[in-house]
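Take a look at the letters that make up each chain.
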Amino acid sequence: MEIITERTLCTGCGICATVCPTGSIAMQADQKGFLYPYIHATTCCQCGKCTHVCPVLHAASVWQTQSNAPKVYAAWSSNQDLRYVSTSGGIFSELAQDVLRNGGYVAGARYDTDFLVEHVLIDHIRDLPLLQQSKYTQSRSGSIYLEVEEKLQEGRQVLFVGTPCQCAALQRGLRKEYRQLLLCDFICRGVNAPVAYLAYLHGLEEQYCSKIARVWFKNKKNGWTQFGTRIDFENGQTYFGDRYTDDFMYGFIRKNLNLYLRPSCTQCSFKGIGRPTDLTLGDFWGMSSQSGPDLGVSIVLVHTKKGQQAFSGLSGIVREEKNISDALSSNACLEGCVSPSAESAYFWQQVQQGVPFHEIMQKVKNNPLRKDKRNE
């Protein structure tokens, strides 16, 4: 067996490597830093487990099974400190605290020592800050699926939060439903290449003559609607770039740019309103003026009775029921994929030539053929 699914469709979820009984599948990085499965033909026993669990190959039966429209809420934490350090309204943190207080576990993405991203399992509220805030490069799954399954088999409650493709991978890997698993995906634009992300960070380290101490995307110093990127350095200096000018965010979220997204994200199999997760979280854009301070509002899509029970059980939040049309108008990525970038090839050509990240982005921004407006 040479491939599991087409390379351009592979999400790098890693479930194939997790279930391989002979350890014949290794997740290896390509030139952009994206992980893909590599199959060692000499030890592969042709059992077919990797194709059986691949969420892409089974997207029609795994992901597109929920036909009922979800309940939709705008919600935010009453704890303004918690809300400030959260990406949107702090609902993930409220859910996580509830699970942790009841002796459960939370699986989510954290930075490692190099500020790359990996999924880990925590069992104490003191570790919750590790999982808070958006992280804009792809998270490595590692052994997280096995760790989650082990806790579920022990009868422990687990909240798993990940990209839609990671949630689909966990579902395929578990092979059965667990009543104590709360599965939560989020409205995903796509995942960025680790090589581009590290080039961005390295450029800032050179500019500030210091190693990075903290990365904080979607920092709310200027408010949630005017979020920026904050980077703290070991020498005490701080960088802040707003959502319109920060080089990395510019290449990620500017309309039709999408410079360093994974190829599968432009043809994602895991979009749609009805999802087989329990909850879907995201930003509820357009709600800030109705929620007090500009600290963020979460959109919450409730798909199951289990999800409704967990969400309704949160006492420290404000919630307002909305219509599905409100969700769609504020989040195009709920149903649609981003477009492949016409300038991505140029970006990667420059990277391969060793041009610093900031210089590449200045060339992109100054492209006279590009219409770059703040309301894109």
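Cut-offs applied
Residues numbered from 1 in each chain as written. Predicted model: local features only at pLDDT ≥ 70, side-chain atom pairs only at ≥ 80, totals over all residues. Heavy atoms only, no water. Phe/Tyr/Trp six-rings, centres within 6.5 Å; stacked < 30°, edge-to-face > 60°. Lys NZ or Arg CZ within 6 Å of the ring centre and 35° of its normal. Helix = DSSP H or I, 4+ residues; strand = E, 2+ residues; numbered from the N terminus. Buried < 20%, exposed > 50% of the residue type's maximum accessible area, 1.4 Å probe, protein only. Contact = heavy atoms within 4.5 Å. Polar contact = N/O pair within 3.5 Å; in protein donor to acceptor, adjacent residues only side chain to side chain. Salt bridge = Lys/Arg side-chain N within 4 Å of Asp/Glu carboxyl O. Pairing = 2+ DSSP bridges. Arc of directions from axis to C-beta. Axes fitted to C-alpha atoms, helices over the stretch in contact; angles between N-to-C directions. Parallel < 35°, antiparallel > 145°, perpendicular 65-115°, else oblique. Left-handed = near helix turned anticlockwise from the far one by under 90°. Nonpolar A, V, L, I, M, F, W, Y, C, P; charged D, E, K, R; others polar.

A. Structural context of the packing of aromatic side chains. The full count for this structure, using the stated rule, is 21 aromatic pairs. A network of ring pairs unites the aromatic residues Tyr136, Tyr197, Tyr200, Phe217, Phe248, Phe252, Tyr260, Phe347, Trp348 and Phe357 as a single cluster. It is lysine 176 that lies over the ring of tyrosine 178; its NZ or CZ is 4.8 Å from the centre. In this structure, lysine 218 packs its charged tip against the face of phenylalanine 227, placed 5.3 Å from the ring centre.

B. Just the environment of asparagine 258, in detail. By the element assignment, asparagine 258 lies in the loop between helix H9 (247-253) and strand S12 (279-283). Classification of asparagine 258 by relative accessible area gives buried; the value is 5%. Sequence separation between asparagine 258 and serine 344 is 86 residues; the distance between their C-alpha atoms is 7.4 Å. Dropping the residues within four chain positions of it, asparagine 258 is found in contact with Arg189, Gly251, Phe252, Val338, Ser339 and Ser341. A polar atom in the side chain of asparagine 258 sits 2.9 Å from the backbone oxygen of serine 339.

C. Up close: the pattern of salt bridges. Taken as a whole, this structure holds eleven salt bridges when the rule is applied. Among the salt bridges present, the one from arginine 230 reaches aspartate 232, with a minimum N-O distance of 2.8 Å. Residues joined in a network through salt bridges with shared partners are Arg110, Asp112, Glu118 and Arg140.

D. Layout of the sheet that holds strand S3 (residues 71-77). Strand order in this open sheet of nine strands is S6-S5-S4-S7-S8-S12-S13-S3-S14, and the pairing throughout is mixed. Bordering the open sheet on either side are strand S6 (139-140) and strand S14 (317-322), each of which pairs with just one other strand.

E. Expanded view of the environment of arginine 7. With respect to the helices, strands and loops of the structure, arginine 7 is situated in the segment before helix H1 (15-19). With a relative accessible area of 48%, arginine 7 lands in the partly exposed category. Once the C-alpha coordinates of arginine 7 and proline 37 are considered, the two residues, 30 residues apart in sequence, prove to be 9.4 Å apart. Among residues more than four places away in sequence, those in contact with arginine 7 are Asp30 and Tyr36.

F. Helix H10 (residues 305-312), seen in detail. Buried within H10 are the following residues: Gly307, Gln308, Ala310 and Phe311. Looking straight down H10, one finds that the buried residues subtend no more than 165 degrees of arc, so they occupy a single side. Pointing more than 90 degrees away from the buried face of H10 are the exposed residues Lys305 and Gln309. For H10, the elements touching its buried residues are S3, helix H5 (91-101), strand S8 (181-186), S12, strand S13 (298-302) and S14.

G. Representation of the packing of helix H12 (residues 344-352) against helix H13 (residues 357-365) in the model. It is at 10 Å that the axes of H12 and H13 come closest, and there the two elements cross at 150 degrees. The angle between H12 and H13 places the two elements in the roughly antiparallel class. Remark: the crossing between H12 and H13 carries right-handed chirality. Judged by residue contacts, Tyr346, Phe347, Gln350 and Val351 of H12 engage Phe357, Ile360, Met361, Lys363 and Val364 from H13. Looking at the contact of H12 with H13, its residues break down into seven nonpolar, one polar and one charged.

H. The packing of helix H6 (residues 144-153) against helix H7 (residues 164-174), seen in detail. Following both chains from N to C, one finds H6 and H7 inclined at 55 degrees, their axes separated by 10 Å at the closest point. Between H6 and H7, the interaxial angle falls into the category oblique. Once H6 is placed against H7, the crossing between them reads as right-handed. Side by side, H6 and H7 meet where Tyr145, Val148, Glu149 and Leu152 of the first sit next to Gln166, Ala169, Leu170, Gly173 and Leu174 of the second. Broken down by class, the residue content of the contact of H6 with H7 amounts to six nonpolar, two polar and one charged.

In short, geometric facts, not functional conclusions.
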